[in-house]
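So you can see what is in the structure, the chains are spelled out below.
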Amino acid sequence: MIDISLLYPAGENYHLDSVPDHSESLVRDLELSILFSVMANNDDTILNAVRQIIMGQRSTQISVINFRQQILRDFIRYPELLSRVYQHSCDTLKAYHDSLRFWLSAKSSSRRLRSNVDILDMLLDQVASLRDLGESYTSLDADGLTGFFKFLQKYYDAETVSHLRHQSQILRMDKGFSVSAKLDHIGRSKDFFLNKNQPGNHWLKKLLPFNSGGEAFSFTISQRDESGLTALAEFRDAALQPVANVMDTAVQQLLTFFERLRNESAFYSGALNLYAALERRGCPSCFPTPISSEKPGWVASKIYDPCLAFSQKDKIITNDLQASNKKLIVITGTNSGGKSTFLRALGINQLLLQSGIVVAAQAFSASICDEVYTHFKLEEDTQMRSGKFDEELLRMAELVPKLKASAMILFNESFAATNEREGSEIAWQICNALIEKEMRVVFVTHLYTFAQHCYTQKMSDFLALRAMSGESVSSKFKISEAKPLSTSFAKDIYERIFPDKNI
Amino acid sequence: MLKSLIFHRENLNVPVNIAEPEYFHDLNLDQIINKIVKSKESFNLTEYFYFLSQDLESIQFRQDIMRDMEDEVLYNSIALFSKELSVLRSTLARIEKLYYPLQQQCSLLEEAHHYQQTLKNLKLHLHDLDLGSRGLQTFSDELQKLLESNFFREFESRTSVLIKKLESIRYAVVVTDNKVTVKPCLDDDDYAAEILHDWRLNETLLTVEDNGSVTGSGYDLDHVQARILEGVAQLYPEPFQELNAYCNEYMQPTAPKETKYRAQSLEVARYPFMALDILERERELQFYLAYLGYIAPLKRLGLPFSIPQLQIGKDTIQAEQTFDLALAISLMEESSRQVVVNNIDLSEGEKIFVVTGPNQGGKTTFARTFGQIHHLAGLGCPVPGKNTHLCLCDGIYTHFSYREDINAGHGKLEEDLLRLHENLKKATNSSIFILNELFDSTTYEDALYLSEQIIHKLLKKNSLTVWVTFIDALASISPSVVSLMSMVDSQDLSKRTFKICRKPADGLAYALSLAAKYGLTYAALMDKIK
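Just so it is clear, the structure is predicted and the values come from calculations on it, not from any experiment.

Student: Help me get a handle on the overall build of chain A, residues and values and all.
Tutor: When you go through chain A residue by residue, the secondary structure sums to 16 helices and 13 strands. When contacts within chain A are restricted to residue pairs at least 6 apart in sequence, those whose partners lie at least 24 apart make up 76%. Just so you have it, chain A exposes about 21,900 Å², and 50% of that area is on carbon and sulfur atoms.

Quick look at the structure:
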């Protein structure tokens, strides 16, 4: 096992493909595809890596987040180290895939064994040169990076590498092979053991002559007996399959190592791209401070939605937020007042923080959350003639089994597809339960009864924010602490969600 | 002789080659039964699912077996037993075609062992369980007798001795160019293990493909493998001579045997070592396996099933949370949605359900449900719903008018009436009528007039009836008539709940009841979230 990773200090095994099943709605609701494409900077490998790691490999451990932040800081200092590691792993994988073209017959284990021997030669070379790369960087600070190179120097030193090469040479089986076997339930040979004493193994042959050992039964397949030759080839494949499998695993292990390295270095390249892009755009960025989930809350200065920054040219509006020891934030206020943008900013930056990279704010600290979930009102959906409210509840009900303490749930205009009183009642019952179960909730809403209810409860862990309407240019899109205002826009929204009056 | 698992008395039989009952199509029972029977084609079970026995004792005999088999452990052991026998059948068929006698013999030995294990495992499982049904108790006892017979015991011990002898042979094969040498084995270590260690490989990640046997798919030996086998037989002659004698005694197929039912599954009784009784019981058990297997995914979804209390000429009919089985299956398979359940409840003196209300509201489904559960109950099967009290019916008569027929005209009406007349003649107070949108194609006055005539005839017959209609007046025609309505959403009138109720919806705030339905009230959430 090569259990070294640039994402986890203890080298955990993880699957890049495994992302929680709500990821799709997270990407849609937070408009993350913009973020991913900026990070990828037209490199599909990076795109995939940042997407999968941000969606599936965020950490809830402060130590892991710090581990990654350290590595990213080193890579910001030595960007060429990052690009060499990334390029090296990409090149290795490409060389492997190119070599595949020459052995189409993957079914034949004897051929597979041969190809594996060649591929292993190549992979061992690549490991060795990666190991040597570490020697040119002596002043790395990150434990993750120094540990990585130490690992290679320890387990893939020159002596080990040459022993492994020698072993793979024996397995070329140029002079035939010797196995031991048993009969299976229908009389075929099975349970093949590869004998150490192989026909081509000259120095061994001298010690243990091959035709000694008394009684034997031999037969020869004639060169003209085609079906016999095929059968012999099949037997050879079956007999060599166990060892071919072993060598498959050896190849697979090194490939897995390079794939992981490629993905992880791609992820850091994406983080570096994000950092550079924000700088070019003149937006602040910082390494955030993760806080234990036992102290729920957010503190931010000049926080903003990076996706909005990249998708439009206007001056970016930032907000400050003082919400230590808060679990519920309810944001009210006029339409196009920047409520949703602010909600997204909180969501995206939480994801970035727990991914271990830089965030879109001048300063940001937030408590670690188990997961981020979104419940956003759907854009008009032509397929849904009715049952919108039903659909909202259904989506919420689907989230419920996943929810755990310290999860963060972002609601955007949820439960507005029914009348205001009923919507408020349901929103209140849901939020109340989530808060008591130690979750963090940010709720953008027009449900005045709900917002007012939260406010009058005078809960200490509640914060009321309001988007200011365009009273002055400077306050536009600003979100600030203020109690909810009663206005009658609920009707507008309701009619927008239900455009056809016939339902 | 083992007893039947379908009838409580030896002299009762299911008629052979009976046709599909007329009402099957209208009630979508054809969908249900075809699927059940198709899953077990080689057992030829169709008649068991068509024939409504009038013998209450036989039905209760089956119900008891069903009740036993509802226990998952028992179900699984019987399913496993049957699966093993299926494998055995197909393997024996393949072995017959094998070319090399040595291989054939090795393979037969293996199958004999497989057969013995299968019977013994079933016996062990049955022994561990508390069987409530007379049918399965007898089966278990008879199985035990068979296993304790001298024939079986000797057969078993000879088999296992031979297997051990053959298994212990270990030999080496050396291939150099085209020459293959078989000789006694010298080396007991696996060099591959050493490689595994040196490359720091994780053994659990090793891709194991078909355990190193040749090509995997084929059962036939090629001649390299066959000659290696010959070589092994020459190096170790004694066990192979013994194998030859063993096969002559147990494994030579005879001419096909006469069986009571024609089913492919019974043909394998030609082998002297196979017990025909066991194969016959195995076939009968498919009736239970097939039905319970069919409803199992619905049960897992939480849909209730129960074994109904059946009485002849019963006055109250009850089924809580019942549903259309065919619809439930297709909803689950096509959209993984769950079917809406409804209560059926007829008290003493009530005989006819008149179902009105908006279209596509579940009325037809309700009517089908009523028919389906009575047919399934008559087979001895568990039916959709809880607390089911049903009547043992002597016939189900359906009259469905499909909307596509709307332009069929007078010919159609006449035909309908003729058939009604015919059926009313046959019907008794133990019969069931399911009428759906009858007389839809006539004018309102005509439909009203005809319906009134018919409903009075049905009342007189005292036949249980479900009548789906748009004629509200029928609902209040007699105290024996129960009025039901398909319900809509109180807030969103375009929305169907698929509930069929005696009363229109109450004034409950729809939103909150909806929230409760999704488990999104404060109390429900506090309970659900860990």
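There's plenty left to go through after this.
Student: An account of the sheet that holds strand β2 (residues 179–184) of chain B is needed here, citing residue identities and associated values.
Tutor: Sheet strands associate in pairs through backbone hydrogen bonding, adopting either a parallel or an antiparallel arrangement. What the five strands build is an open sheet, ordered β2(A)-β1(A)-β1(B)-β2(B)-β3(A); its pairing is antiparallel. Edge positions in the open sheet fall to β2 (189–194) and β3 (217–220) of chain A, since each of these has one partner strand only. Recorded for the sheet is a direction-independent mean angle of 25° between the axes of neighbouring strands. Bridging between β3(A) and β2(B) involves four bridges; their strand directions are antiparallel. Note that in β2(B) the partner of A:T220 across the bridge is B:K179. Contacts from helix α10 (residues 226–280) of chain A reach β1 (177–183) and β2 of chain A together with β1 (171–176) and β2 of chain B, with the element oriented near 55° to β2(A).

Student: Please set out the side chain of B:S53 residue by residue, giving values where relevant.
Tutor: All names here are of chain B. For S53, the position within the fold is in the loop between α2 (46–50) and α3 (56–69). For S53, a relative accessible area of 5% puts it in the buried group. At a separation of 3.0 Å, a polar atom in the side chain of S53 contacts the main-chain amide nitrogen of D55. The contact partners of S53, leaving out residues within four places of it in the chain, are S58, I59, G378 and L392.

Student: Explain helix α4 (residues 62–77) of chain A to me, and be specific about the residues and the numbers.
Tutor: Residues and elements named next belong to chain A. Along its 16 residues, α4 runs 23 Å from first to last C-alpha, staying within 8% of the 22 Å computed at 1.5 Å per residue. The complete set of buried residues in α4 reads V64, I65, F67, R68, Q69, I71, L72, D74 and F75. On its buried face, α4 sits against α5 (79–100), α7 (143–155), α10, β4 (289–291) and α12 (339–355).

Student: Describe in detail helix α10 (residues 237–250) of chain B, supporting the description with residues and values.
Tutor: Counted at 1.5 Å a residue, the expected span for α10(B) with its 14 residues is 20 Å, and the 21 Å between its end C-alpha atoms agrees. On its buried side, α10(B) packs onto β1 of chain A together with α5 (101–128), α7 (150–167) and α9 (223–235) of chain B.

Student: How would you summarise the interface of chain B and chain A if you had to cite specific residues and measurements?
Tutor: Counting residues at the interface gives 81 residues for chain B and 87 residues for chain A. A combined buried area of about 8,000 Å² lies between chain B and chain A, and 60% of that area is made up of carbon and sulfur atoms. Three residues stand out in chain B for area buried against chain A, namely B:Y191, B:W199 and B:R200, and they jointly supply 11% of the buried area on that side. Linking chain B with chain A are zero salt bridges, by the criterion used here. Remark: the boundary between chain B and chain A carries 23 residue pairs in polar contact (both at pLDDT 80 or more).

Student: Lay out the sheet that holds strand β4 (residues 309–311) of chain B with the relevant residues and their values.
Tutor: All names here are of chain B. A sheet is described by the order of its strands in space; here four strands give the open sequence β4-β9-β5-β6, paired in mixed fashion. At either margin of the open sheet sits one strand with a lone partner, and together these are β4 and β6 (342–346). Across the sheet, the mean angle from the axis of one strand to that of its neighbour is 20°, orientation sign disregarded. With two bridges connecting them, strand β5 (residues 317–322) and strand β9 (residues 386–391) associate as antiparallel partners. Opposite Q318, over in β9, you have H389 as the bridge partner.

Student: Outline the packing of helix α6 (residues 109–133) of chain A against α7(A), listing residues and values.
Tutor: Relative placement of two packed helices is described by the angle separating their axes and the distance separating the axes. Residue and element names in this part refer to chain A. Here α6 crosses α7 at 130°, and the two axes come no closer than 9 Å. Taken together, the axes of α6 and α7 lie oblique to each other. Both α6 and α7 take part in a crossing whose hand is left-handed. Within the contact between the two elements, α6 uses V127, L130, R131 and L133 and α7 uses F148, F149, L152 and Q153. Here the residues of the contact of α6 with α7 sort into six nonpolar, one polar and one charged.

Definitions and limits used
Residues numbered from 1 in each chain as written. Chains lettered and ligands numbered in written order. Predicted model: local features only at pLDDT ≥ 70, side-chain atom pairs only at ≥ 80, totals over all residues. Heavy atoms only, no water. Helix = DSSP H or I, 4+ residues; strand = E, 2+ residues; numbered from the N terminus. Contact = heavy atoms within 4.5 Å. Areas by Shrake-Rupley, 256 points an atom, 1.4 Å probe, with all protein chains shown as cover. Pairing = 2+ DSSP bridges. Axes fitted to C-alpha atoms, helices over the stretch in contact; angles between N-to-C directions. Buried < 20%, exposed > 50% of the residue type's maximum accessible area, 1.4 Å probe, protein only. Polar contact = N/O pair within 3.5 Å; in protein donor to acceptor, adjacent residues only side chain to side chain. Expected span 1.5 Å × (residues − 1). Buried area = accessible area lost by both parts, 1.4 Å probe. Salt bridge = Lys/Arg side-chain N within 4 Å of Asp/Glu carboxyl O. Parallel < 35°, antiparallel > 145°, perpendicular 65-115°, else oblique. Left-handed = near helix turned anticlockwise from the far one by under 90°. Nonpolar A, V, L, I, M, F, W, Y, C, P; charged D, E, K, R; others polar.

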